[in-house]
Structures are given as structure tokens and as C-alpha cells.
Amino acid sequence: MKKFLLATAAAAVAVAAFGATAQAADLGSRGYYQKAPAPVYAAPLYNWTGFYLGGHLGGVFSQNNTFNGLALSDSSARFMGGVQGGYDWQLSPMWVIGLEGQYSWVGGHQLNAIFPGGYVYNNNQRGIASITGRVGYTWGPGLIYVKGGYAYSDNNETVTLGGAQVPFALSDNHSNGWTIGGGAEYMFAPNWSAKVEYQYYDFGDSRFTAPGALVPVGSFHNDEHTVKAGLNYRFNLGNLGGPAYGRY
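Residues numbered from 1 in each chain as written. Predicted model: local features only at pLDDT ≥ 70, side-chain atom pairs only at ≥ 80, totals over all residues. Heavy atoms only, no water.

A.B. asks: Mind showing me how you'd approach the packing of aromatic side chains here?
C.D. replies: The geometry of two aromatic rings is summed up by the distance between their centres and the angle between their planes. The tally for this structure, following the rule as stated, stands at eleven aromatic pairs. For the ring pair Y103 and W105, a centre distance of 5.1 Å and an interplane angle of 75 degrees mean the geometry is edge-to-face. On the accessibility criterion, Y103 (22% relative accessible area) is partly exposed. Aromatic rings pair up to connect F115, Y121, F168 and F208 into one cluster. Its end group placed over the ring of Y145, R134 keeps NZ or CZ at 4.4 Å from the ring centre. The aromatic ring of Y52 is capped on one face by R234, whose charged end is 4.6 Å from the ring centroid. (Phe/Tyr/Trp six-rings, centres within 6.5 Å; stacked < 30°, edge-to-face > 60°. Buried < 20%, exposed > 50% of the residue type's maximum accessible area, 1.4 Å probe, protein only. Lys NZ or Arg CZ within 6 Å of the ring centre and 35° of its normal.)

This is the structure:
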């Protein structure tokens, strides 16, 4: 009886081992024991290529101007607000170039000068605009850039004598000039970015050529310093003009 029990136990162990081996071979042939590939997690794609439109708010700060020692009454700090639009092209994972147009309405700018003989000059600067190219360095959602190009000043100027307007002429109407600046922009959502920016505008020197009484007074210089914060909506339009870049 003891031999019979030992033989029965040995047979059971052998059958169990054979069954486990066969099951393992079957499972292996079906691929159940193949190692699964490691999951790949992709970071969000940040693509700066595309058109954008937006708005901005900020301040304008003027230099103290003089006419050959004759002081001007100038509101040196004013509020500004405006719109901008442009197109960016991401050349590589790190570099972005673009073209931007911008117009800013300027509030409360009244530059006045009272000359000997009773002549009064007034310059009401209603707005400043620019068309600039820009080059930026990007790391994902962040962008720092420099910009520069053409600038325009929307001026309403008058010369009066005894309260009545008189015709006058300048060697340069100081409406056209140049600008340079820089800033930082951050893409906080797929189609939205926020920016802060400094921009300097220079509209050159002007000299009165008429009336004759003002000619000896000489020239004056017109320039502006601006600080702005803005918001842009980016269309991206199927990534026209360049590839999308991301980090993995």
C-alpha cells in the first residue's frame, strides 16, 4: 500500500509539472509573456508659427525737450493703449522670426511752448505706430525677443498768435522715425500668449522754417520711451509656413 501511494503521488506531481510546462509554452506562443513597451509621454507642443492679433496697455514717457534753452510744457508721462497683429515663423526648436504692426492711442499729450513775441506752439500727439521685424529665442512656451523698424507719430500741431492760428512750416514734420525694443512672451494656452515689452521711438529733430520770427529759435527733438503689457490670440492656421516643435 505504501508503494502504491508513493507511486500515485509521484504520478500526480509529474502530471502537474507537465501541465504547467505545456500551459507556459502555450501562453508564450500567444505572446502573453512578452514584455510590454514602455509608455511614451509627450510634452505639449508649443508652436509659434502663425498669425496673431491682440491688444496692449501701458505708459509713454518723454524726454525733456527745449528750443535752444526755451523750456517746453510737456506732459512727460501718459497712458497708452492699442492693438497689434503679426506673423511669426518658428525656424527651429529655439529660434523664431516675425513681422508685427502696432498702433497705440496716446492720452493727454500736450506739448506747449510760448515764444518771445506771443507765438504759442502746441503739439497734441494722438498716437504712435510701428512696423517692426523681430527675432526671438524660445524654450517651449517662453519667448524672449528683440524688435526694430519703422515708427510713425500721429501729431496735431498748431501755432497761434493772439489766439488765432497762423501758418507755419518745419524742416521735418517729425511724424516718421525709427523704433527699437524688446520683450518677453509666454504661451499659457494653445492659442493664447501674454507679453511685456519695452519700445523706444525716435522721430528726429525739427526746425521752424516759418514764420520768420520762430526761425532763430532753432530745433527740437522728439522721442518716446514706452512700456507695455499685452495679450495675443494665435490662430496657427494649420501651422502654415513652418513645422511644429516639441519636447519629448
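A.B. asks: Where do I start with the pairing of strand β5 (residues 77-90) in this structure?
C.D. replies: The side chains of a regular strand alternate between the sheet's two faces. For strand β1 (residues 50-62) and β5, the ladder comprises twelve bridges, and the chain directions are antiparallel. Counterpart to G59 in the pairing with β5 is F79. Bridge count for β5 against strand β6 (residues 95-106) is eleven bridges, and the pairing is antiparallel. Across the sheet, the residue bridging to Q84 is Q102, located in β6. Hairpin connection from β5 to β6: four residues lie between these consecutive antiparallel strands. (Pairing = 2+ DSSP bridges. Helix = DSSP H or I, 4+ residues; strand = E, 2+ residues; numbered from the N terminus.)

A.B. asks: Would you mind showing me how to read a nonpolar patch on the surface here?
C.D. replies: A cluster of nonpolar side chains, namely W89, L91, M94, W95, I97, V135, Y137, W139, I144 and V146, defines an oily patch on the protein surface of about 920 Å² accessible area. At the level of secondary structure, the elements contributing two or more residues to the nonpolar patch comprise β6, β8 (119-139) and β9 (142-161). Per element, the largest residue contribution to the nonpolar patch is three residues, and it comes from β8. When you line up the elements, L91 lands in the loop between β5 and β6. (Patch = residues over 30% accessible without salt bridge, like charges linked within 9 Å, V, L, I, M, F, W, Y side chains within 5 Å. Areas by Shrake-Rupley, 256 points an atom, 1.4 Å probe, with all protein chains shown as cover. Salt bridge = Lys/Arg side-chain N within 4 Å of Asp/Glu carboxyl O.)

A.B. asks: Sorry if this is basic, but what is going on with unusual backbone geometry here?
C.D. replies: Peptide bonds are mostly trans, and most non-glycine residues show a negative phi. A cis amide bond links A210 to the next residue, P211, at an omega of -5 degrees. Mapped onto the secondary structure, P211 falls in the loop between β13 (192-210) and β14 (219-234).

A.B. asks: Before we go on, may I ask you to explain the environment of P116 in this structure?
C.D. replies: One can find P116 in the loop between β7 (110-114) and β8. Note on P116: relative accessible area 67%, which makes it exposed.

A.B. asks: Where do I start with the pattern of salt bridges in this structure?
C.D. replies: Opposite charge on two side chains permits pairing when their charged atoms draw close. The final tally for this structure, using the stated rule, is eleven salt bridges. In this structure, the salt-bridge partner of E224 is R78, at a minimum N-O distance of 3.4 Å. Here the residue E224 occupies a position in strand β14, and R78 occupies one in strand β5, the gap between them amounting to 146 residues. Assessed through its relative accessible area of 5%, R78 is described here as buried. E100 is the partner of K147 in a salt bridge, and the nearest nitrogen-oxygen pair spans 2.7 Å.

A.B. asks: So what exactly am I meant to see when it comes to the pairing of β14 here?
C.D. replies: Pairing geometry for β1 and β14, over eleven bridges, is antiparallel. By the bridge assignment for β14, G54 is matched with N232. The sheet contact formed by β13 and β14 spans 14 bridges and is antiparallel. Across the sheet, E197 pairs through a bridge with K228, a residue of β14.

A.B. asks: Would you mind going over the side chain of E157 with me for this structure?
C.D. replies: When you line up the elements, E157 lands in strand β9. No salt bridge forms around the buried E157; measuring N to O, its nearest opposite-charge neighbour R126 is 8.8 Å away. Of note is the side chain of E157, whose polar atom sits 2.4 Å from the side chain of Y121. A distance of 2.7 Å separates polar atoms of two side chains, one belonging to E157 and the other to H174. (Lys, Arg positive; Asp, Glu negative; His and termini not counted. Polar contact = N/O pair within 3.5 Å; in protein donor to acceptor, adjacent residues only side chain to side chain.)

A.B. asks: Is there a simple way to think about the nonpolar core in this case?
C.D. replies: Side chains that are nonpolar tend, in soluble globular proteins, to be buried together. By size, the foremost hydrophobic cluster in this structure holds eleven residues: L111, A113, F115, Y119, Y121, V159, L170, F208, L214, V217 and F220. Breaking this core down by element, the ones donating at least two residues are β7 and β8. (Core = buried A, V, L, I, M, F, W, Y, C linked by side-chain atoms within 4.5 Å.)

A.B. asks: What exactly am I supposed to notice about the confidence of the model for the chain here?
C.D. replies: Detailed reading of the predicted model is not advised wherever pLDDT is low. For the chain, the mean per-residue pLDDT works out to 80, and 71% of the residues sit at or above 70. Mean pLDDT per element in the chain: helix α1 (residues 2-30) is the minimum at 46, and β6 is the maximum at 97. Per-residue pLDDT stays below 50 along residues 1-18; that stretch engages in zero contacts with residues further than four places along the chain or on separate chains. Segment residues 238-243 is flagged for pLDDT under 50; beyond a separation of four residues in sequence, or across chains, it makes 13 contacts in the model. (pLDDT = per-residue confidence, 0-100. Contact = heavy atoms within 4.5 Å.)

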